[in-house]
Amino acid sequence: MSEVLVGGIEAGGTKFVCAVGRTDGTIEERMVIPTLHPEETIPKVFEFFKKHEISALGIGSFGPVDINKDSPTYGSITTTPKPGWGNYPFVAVMKEALDVPVGFQTDVNGAALGEMAFGAAKGLDSCLYLTVGTGIGGGAVMSGEIVQGLSHPEMGHILVKRHPEDAYQGACPYHRDCLEGMASGPAIEKRWGKKGAELSGEKEVWELEAYYLAQALVNYILILSPKKIILGGGVMKQPQLFPLVRKNVQTLLNNYVNVSEVAENIENYIVSPGLGDNAGIVGALVLAGKA
């Protein structure tokens with residue numbers, strides 16, 4: 001199977017990563033283009049893939065998306081505020097242009113699959129992948145299967161307790177002070193008046209960030225009990241954040257989840273992506289293999 005060329009798209013709110021590679025995760029060629037209006041972005045995607053003979057395509061997309069195969073709008077991006085992309089029939093458009101089977105998931109579910117196949121969760125049958133950047137999103141794989149029900153999980157929008165000294169109202173247009181509203185990259189910038197990258201040395205910034213992220217991880221641990229938690233995205237490139245998050249998780253759990261991975265070995269339990277910035281695009285190649 002790994003000799004067959006497949007295509008992958010990691011469709012983010014800021015950029016599209018397109019790649020041709022193999023189902024063993026090897027990337028042969030890639031291209032990055034900005035996520036503009038579909039009429040500007042999609043023709044460049046077609047152009048890239050039509051240079052290669054691929055047997056299937058995998059798409060991990062920003063959302064919300066319709067991943068219910070029985071739904072008439074399966075394969076569409078749904079209620080995104082991103083101009084031009086609301087109700088966009090992504091899978092139908094790609095199938096018509098390329099005439100190959102298409103696997104479709106959220107970008108974070110794709111990244112979780114990539115990390116399970118070839119990254120930090122390799123050899124395990126469950127993991128949770130959370131990206132903390134322009135937005136916050138999470139994907140989970142349990143017993144080898146992507147978690148989904150009525151739709152895909154929206155882990156970035158869970159409710160968190162506000163820090164008693166945090167007066168910031170929250171950046172989420174839907175819920176104001178949900179996790180994404182309090183801990184995403186834009187929330188950091190709006191609260192402190194500078195981008196996170198410019199605040200590296202400000203201890204209070206990252207203690208507050210860890211306060212919110214740890215609450216979320218505790219909820220995911222209590223509900224899903226994943227065997228590995230992987231934190232990616234631009235905000236998590238601040239190395240000082242990981243120890244703070246781990247410490248807060250242990251404090252909040254207060255020894256209630258009495259397993260060695262959490263109590264004694266948490267630095268190997270809450271980790272950065274083993275595939276680095278390639279988790280999403282490698283996951284898209286895995287989706288293509290499944291398709």
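Residues numbered from 1 in each chain as written. Predicted model: local features only at pLDDT ≥ 70, side-chain atom pairs only at ≥ 80, totals over all residues. Heavy atoms only, no water.

Listed as buried for helix α5 (residues 185-192) are Gly185, Ala187, Ile188 and Arg191. Within α5, the buried residues cover an arc of 165 degrees as seen down the axis, which keeps them to one side. Phi turns positive one or two residues past the end of α5, at Gly193, with a value near 80 degrees. (Buried < 20%, exposed > 50% of the residue type's maximum accessible area, 1.4 Å probe, protein only. Helix = DSSP H or I, 4+ residues; strand = E, 2+ residues; numbered from the N terminus. Arc of directions from axis to C-beta.)

For the rest of this paragraph, the subject is the packing of aromatic side chains. For the coordinates displayed, the defined rule picks out ten aromatic pairs. Seen in terms of ring centroids, Trp85 and Phe90 are 6.3 Å apart; in terms of plane orientation they differ by 55 degrees. Their pairing is tilted. Its relative accessible area of 0% is what places Phe90 among the buried residues. Pairing Phe90 with Phe104 gives two aromatic rings, centres 6.3 Å apart and planes at 70 degrees, and the pair type is edge-to-face. With Phe90 in helix α2 (residues 90-98) and Phe104 in strand β5 (residues 102-106), this pair connects stretches of sequence that are 14 residues apart. Given a relative accessible area of 5%, Phe104 falls into the buried group. An aromatic cluster of at least three residues, connected via ring pairs, comprises Phe16, Phe62, Tyr74, Trp85, Tyr88, Phe90 and Phe104. (Phe/Tyr/Trp six-rings, centres within 6.5 Å; stacked < 30°, edge-to-face > 60°.)

The next subject is the domain arrangement of the protein. Splitting the protein by domain gives domain 1 (6-107 + 277-289) and domain 2 (120-271). The centre of domain 1, based on its C-alpha atoms, is set 26 Å off from the matching centre of domain 2. Tallying the contact residues gives nine residues for domain 1 and nine residues for domain 2. Across the interface of domain 1 and domain 2, roughly 720 Å² is buried in total on both sides, 49% from carbon and sulfur atoms. Together, Ile67, Gln105 and Thr106 form the three largest contributors to the area buried by domain 1 at its contact with domain 2, with a combined 44%. For the pair domain 1 and domain 2, the number of links is one salt bridge. The partner of Lys237 in a salt bridge is Asp277, with the nearest N and O atoms 2.8 Å apart. For the side of domain 1 that touches domain 2, the residue count by class is four nonpolar, four polar and one charged. (Domains from an automatic or database assignment. Contact = heavy atoms within 4.5 Å. Buried area = accessible area lost by both parts, 1.4 Å probe. Salt bridge = Lys/Arg side-chain N within 4 Å of Asp/Glu carboxyl O. Nonpolar A, V, L, I, M, F, W, Y, C, P; charged D, E, K, R; others polar.)

Let us now look at the pattern of salt bridges. For the coordinates displayed, the defined rule picks out eight salt bridges. Between Glu189 and Lys195 there is a salt bridge, with the nearest N and O atoms lying 3.3 Å from each other. Note on Glu189: relative accessible area 33%, which makes it partly exposed. Lys195 sits in the partly exposed class, given a relative accessible area of 46%. In this structure, the salt-bridge partner of Glu207 is Lys203, at a minimum N-O distance of 3.2 Å. Here the residue Glu207 and the residue Lys203 both occupy positions in helix α6 (residues 203-224), the gap between them amounting to four residues, near one helical turn.

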